[in-house]
Amino acid sequence: MRLLYVLCEGDDDERFFERVVQPRLSYADHEVKYFQYAEYPAKEVRNLIRSVNGMRSDGIDADYLFLRDFDQAPCKASLFDEIDRAYDELVARDRTFLVVQMIESWYVAGLENQHPVSMLDDAPPQTDNLGKQDLENMMAEDADRLDVLQEILKHFDVDRARYKNNSFEYFCSAVLD
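Since this is a predicted model, take the numbers as computed values, not measurements.

Undergrad: Just to check I follow, could you spell out the pattern of salt bridges for this structure?
TA: One pass over the structure, following the stated rule, counts 17 salt bridges. Of the charged contacts in the structure, one is a salt bridge between R145 and D12, with a shortest N-O distance of 2.5 Å. Of the two residues, R145 sits in helix α6 (residues 145–154) while D12 sits in helix α1 (residues 11–21), which places them 133 residues apart along the sequence. We classify R145 as partly exposed; its relative accessible area is 22%. According to the relative accessible area criterion, D12 is buried, its value standing at 15%. Between R68 and D71 there is a salt bridge, with its nearest N and O atoms 3.4 Å apart. Since its relative accessible area comes to 12%, R68 is described here as buried.

Undergrad: What am I meant to see in the packing of α1 against α6 here?
TA: If you want to describe how two helices pack, look at the angle between their axes and the distance between the axes. It is the contact of α1 with α6, at a shortest axis distance of 10 Å, that shows an interaxial angle of 20°. By the angle between their directions, the pair α1 and α6 is classed as roughly parallel. Crossing hand, α1 versus α6: right-handed. Across the interface between the two elements, D12, R15, F16, R19 and V20 from α1 touch R145, L146, L149, Q150, L153 and K154 from α6. In terms of residue class, the contact of α1 with α6 is built from five nonpolar, one polar and five charged.

Undergrad: Would you mind showing me how to read the packing of aromatic side chains here?
TA: The geometry of an aromatic ring pair comes down to the distance between the two centres and the angle between the two planes. Across all of its chains, the model carries 15 aromatic pairs by this definition. Taking 5.4 Å as the distance between ring centres and 45° as the angle between the ring planes, the aromatic pair formed by W106 and F171 counts as tilted. In this pair, W106 is assigned in helix α4 (residues 103–109) and F171 in helix α8 (residues 166–175), connecting sequence segments 65 residues apart. Given the relative accessible area of 1%, W106 is considered buried.

Calculation notes
Residues numbered from 1 in each chain as written. Predicted model: local features only at pLDDT ≥ 70, side-chain atom pairs only at ≥ 80, totals over all residues. Heavy atoms only, no water. Salt bridge = Lys/Arg side-chain N within 4 Å of Asp/Glu carboxyl O. Helix = DSSP H or I, 4+ residues; strand = E, 2+ residues; numbered from the N terminus. Buried < 20%, exposed > 50% of the residue type's maximum accessible area, 1.4 Å probe, protein only. Axes fitted to C-alpha atoms, helices over the stretch in contact; angles between N-to-C directions. Parallel < 35°, antiparallel > 145°, perpendicular 65-115°, else oblique. Left-handed = near helix turned anticlockwise from the far one by under 90°. Contact = heavy atoms within 4.5 Å. Nonpolar A, V, L, I, M, F, W, Y, C, P; charged D, E, K, R; others polar. Phe/Tyr/Trp six-rings, centres within 6.5 Å; stacked < 30°, edge-to-face > 60°.

Purely spatial values, then, with no claim about function.
Set out below in structure tokens:
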């Protein structure tokens, strides 16, 4: 059995990975465990990564993915430097994926421009620069954010999302293809 730890920032990231990515993983016999690292001190994140690396050294088929929103960072290099400082350079660059701009951009990327989600305005043709506020501006005034995200996942199209968001395309190429 393969063990995969997904280190993500929060609930929206975990929900997305669980519904969109996990069913498409290339290996059938796997267990995925989620760790919302933003809720924990850096020491606990470092301990988890050391533990996974130790399992691998012991011959256990274990791995991790580290997902981080790009947010308003000036560049990728500065984000990687920030991750290196926070986690003592333990997070491998090839296991780190930057979500440009935020996970909301990946959610919206999977929708048609004119989509069936009644709680949202039309989706933009490209979502690389979409953030939380943009999603909230697309939502109907009385819409619940969680309901909107769950509804998006019901209509999510991976191929469309790959086309509409470059960081999602990169992630899929590295992890799913």
